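The chain contents come next:
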Amino acid sequence: MHGDMTLFQILAVLFLPSAWGQSNTNRLGVVVEVKNITLPAGSKAVLPCHSPRMVWTRDRLKDRQRVVHWDLVRNSPEYSVERILDMSPGANQRVYNGFNKGRVSIPQSAFSDGNFSLVFNNVVPTDRGVYTCNLHHHYCQIHQSIQIQLNVTKSAKKEKRYWDGEKTVFVILVGSSVALPCVNRRPLWREGLQEDQQQVAHWDFQPPGVRPDKADRLVDLYASGERRENGPLFLKNKMSVEEDAFTVGDFSLSISDLAPVDKGLYSCHLHHHYCGLHERRIFRLTVGPALPPVLTAAPRILQNDAPKPSTEEVERPRVVNVILPEHRSHFMQQMGYILATFLLLAFIVAAIIVLTRRRRKRGLEYDMRRSHRGHRMDGGDISLDTTELKICNQEPLNSDYKNNLLKERDMSKDCNKGEQI
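About the criteria used
Residues numbered from 1 in each chain as written. Predicted model: local features only at pLDDT ≥ 70, side-chain atom pairs only at ≥ 80, totals over all residues. Heavy atoms only, no water. Helix = DSSP H or I, 4+ residues; strand = E, 2+ residues; numbered from the N terminus. Buried < 20%, exposed > 50% of the residue type's maximum accessible area, 1.4 Å probe, protein only. Contact = heavy atoms within 4.5 Å. Areas by Shrake-Rupley, 256 points an atom, 1.4 Å probe, with all protein chains shown as cover. Disulfide = S-S within 2.5 Å. Pairing = 2+ DSSP bridges. Salt bridge = Lys/Arg side-chain N within 4 Å of Asp/Glu carboxyl O. Axes fitted to C-alpha atoms, helices over the stretch in contact; angles between N-to-C directions. pLDDT = per-residue confidence, 0-100. Core = buried A, V, L, I, M, F, W, Y, C linked by side-chain atoms within 4.5 Å. Phe/Tyr/Trp six-rings, centres within 6.5 Å; stacked < 30°, edge-to-face > 60°. Patch = residues over 30% accessible without salt bridge, like charges linked within 9 Å, V, L, I, M, F, W, Y side chains within 5 Å.

A. Spotlight on the overall build of the protein. What the protein contains, in helices and strands, is six helices and 19 strands. The proportion of buried residues among the 421 residues of the protein is 29%. Look at the contacts in the protein between residues 6 or more apart in sequence, and 55% of them connect residues 24 or more apart. Roughly 30,500 Å² of accessible area belongs to the protein as shown, and the carbon and sulfur atoms make up 56% of that amount.

What follows is the structure, given as C-alpha cells:
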C-alpha cells in the first residue's frame, strides 16, 4: 500500500505540472506570433504588439455597431432578394415594405435577451421564400447568419416543420401566425455588459529558467483608461507603453538602455472578453555586447603640441611622365579616320582626272570640226585661183612672140590689169 502511494505521488509529480501548464496555456490565450530579437547592450528595444480588433471604437449612441436584419430570397418567378427589416440597439426596428408594417416584427427586447426571431401575423401566400437572419457585430468583426424556409399551405393537415439537410422548413397555414426562430444568447449580443472593463492588455516578463506561470507582470492596461504598472522598471521609466494604445491598437513595449539582466521572454497578452478574443505574442530578447564608441568629433590639437616648422631644405617634387599605350580600340578608331581621309582624297583626284579628260576630248573635237571647215574654204579659193590662172593662161591662137620672155611679160601685164579692174 505504501509502495502504491509512493508510485502515485511520483506520477503526480511528473504529470500534474504538464496538466497545469496546459490549463494555464489555454487561459493565457492562443499564441499568434513568436520572434527572436538580438540587440546590443545600451540600445533601445521595441517589441511590437498590434491588433486592430482591440481598438476601442464604441460610439455614444448605445453601440450601433451591433445590427440584426432579416432578408427574403425568392427563386420564382425570378430570383430576388428583399430586405424585410433591421434593428440596432440605438434605434427602433425599420420595416422596408409598407405592407409588412404591423404584420412583421422582431421583439423589442432582442438585444437584451438575445431573441431575434421574426414574428408573422396573418401569413399570406406571398410570404413564401427563404428567410435569412443576419447578426453583425462590426466592433468585434463577427458575422453570423441562419436560414429558414417558409412555405404556405391552405390545408391544416399539411402544416409541419422539418429539416431538409441544409435548413429548417416551416409549412404554415394561410392566415395563421408563426415565429421564425433566431436566438443567440451569447453575452456578445446582449446589453448590460461593460465592454471597456472586459478589454484588457498586459505584458509579462519571464527570466531564463522561470516557468510561464511564475512570470513577472509588468503592466496591465484597460480600455477604460486604467493602468497598473507592476514592474519596477516601469517606475524607473525604462519600460513604457503608449497612452493611446486602445485608440490605435498599438500595445508595443519600449525598453531603453538594454542590459544583460533584460534578457528573457516577453509576452504580450490581449484579452477581449466581450468579443471572445484571447491572443498572445512571445518575444525572446537576447542582449549582446555593447557596440564600440564611435568618434564623432575630430581630435583637437593644442598649441604646444603643434609641429615645429622644419628648417631643412624641402625636396622638390619629381615629375615622371609615363606614356601609357593606347587601347586597341582607340588605335583602330584612329586608323579608320586616316583611311577615310585617304579615300576622300583619292575620290577628289579621280574626279579631277575624269573632268580633265572630258574637257580635253571636247577641245579636240572642236579643233577637228574647225579644221574641217577651213579645208573646205581653202578648196574654194584654190579653184578660184585656178580659174583665174586658167583665164590668164589662155593664149590667143595667133600669137607672134619672138621668144618666151616676151610672152610671159605680156601675160603678167594682162593679169595685173585684170586685178586692178
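Now, onward.
B. Looking closely at unusual backbone geometry. For the bond from Ser76 to Pro77, the omega torsion is -5 degrees, close enough to zero to count as cis. By the secondary structure assignment, Pro77 is in the loop between strand S3 (66-74) and strand S4 (80-88). Of note in this structure, Asn122 is not a glycine but carries a positive phi near 65 degrees. Note that Asn122 resides in the loop between strand S7 (118-120) and strand S8 (129-137).

C. Seen up close, the state of the cysteines. Summed over the entire model, instances satisfying the criterion amount to two disulfides. The disulfide that involves Cys49 links it to Cys268, with 2.1 Å between the sulfurs. Because the torsion about its S-S bond is -75 degrees, the bridge between Cys49 and Cys268 counts as left-handed. One end of the pair, Cys49, is in the loop between strand S2 (45-47) and S3; the other, Cys268, is in strand S18 (residues 264-272), and 219 residues separate them in sequence. Put simply, Cys133 and Cys182 are joined by a disulfide, and their sulfur atoms are 2.1 Å apart.

D. Broad picture of the sheet that holds S2. Taken in spatial order, the three strands make up an open sheet running S2-S17-S16, and their pairing is antiparallel. In this open sheet, the two strands that pair with only one neighbour each are S2 and strand S16 (239-240).

E. The pattern of salt bridges, seen in detail. Under the defined criterion, the tally for this structure stands at 15 salt bridges. Among the salt bridges present, the one from Arg83 reaches Asp86, with a minimum N-O distance of 3.8 Å. The class for Arg83 is partly exposed, based on a relative accessible area of 32%. Take Asp86: its relative accessible area is 10%, and that puts it in the buried class. Of the charged contacts, one joins Asp127 and Arg103 as a salt bridge, the two residues approaching to 2.8 Å between their closest N and O atoms. Of this pair, Asp127 sits in the loop between S7 and S8 while Arg103 is found in the loop between strand S5 (91-95) and strand S6 (104-105), placing the two residues 24 residues apart along the sequence.

F. Expanded view of the sheet that holds strand S15 (residues 227-229). The strand order across the open sheet built from six strands is S1-S19-S18-S13-S14-S15, with neighbouring strands paired in mixed fashion. Of all the strands in the sheet, the pair left with one neighbour each is strand S1 (30-40) and S15. Strand-to-strand twist in this sheet, taken as the mean axis angle between neighbours without regard to direction, amounts to 15 degrees. With six bridges connecting them, strand S13 (residues 199-206) and strand S14 (residues 216-222) associate as antiparallel partners. When the bridges of S14 are listed, Asp204 appears paired with Arg217.

G. Molecular detail of the confidence of the model for the protein. Of all residues in the protein, 69% have pLDDT values of 70 or greater, and the mean over the chain is 77. The lowest-confidence element of the protein is helix H1 (residues 2-28), averaging 40 in pLDDT; the highest-confidence one is S7, averaging 95. Long-range and interchain partners of residues 1-26, a stretch whose pLDDT sits below 50, account for four contacts in this model, where long-range means more than four residues apart. Here residues 379-395 scores under 50 on pLDDT; set against residues more than four positions off or in separate chains, the count is four contacts.

H. View of the nonpolar core. In this structure, Trp70, Phe116, Leu118, Phe120, Tyr131 and Leu180 are the most contacted members of the largest nonpolar core, which totals 33 residues. Secondary-structure elements contributing two or more residues to this core are S3, S4, helix H2 (110-113), S7, S8, strand S9 (142-153), strand S11 (168-173) and strand S12 (178-180). Looking at which element gives the most residues to this core, the answer is S9, with four residues. With 28 residues, the next largest nonpolar core counts Ala45, Trp203, Leu253 and Leu270 among its residues.

I. View of the packing of aromatic side chains. Scanning all chains against the criterion turns up five aromatic pairs. Ring geometry for Phe205 versus Tyr266: centroids 4.7 Å apart, planes at 35 degrees, classification tilted. Of this pair, Phe205 sits in strand S13 while Tyr266 sits in strand S18, and the two are 61 residues apart along the sequence. For Tyr266, a relative accessible area of 1% gives the class buried.

J. Up close: the side chain of His272. Within the element layout of this structure, His272 appears in strand S18. If sequence neighbours within four positions are ignored, His272 has contacts with Arg53, Met54, Tyr139, Gln198, Gln199 and Leu277.

K. Here's a closer look at a nonpolar patch on the surface. Taken together, Phe331, Met332, Met335, Ile338, Phe342, Leu344, Leu345, Phe347, Ile348 and Ile352 make up a surface patch of nonpolar side chains, about 1,000 Å² in accessible area. Counting through the fold element by element, Met332 comes out in helix H5 (residues 328-393). Take Met332: its relative accessible area is 52%, and that puts it in the exposed class.

L. Layout of the pairing of S8. For S8, the buried fraction is high: nine of the nine residues fall into the buried class. Here eight bridges tie S3 to S8, and the two strands are oriented antiparallel to one another. Across the sheet, His69 pairs through a bridge with Asn134, a residue of S8. Where S8 and S9 come together, nine bridges link them in antiparallel fashion.

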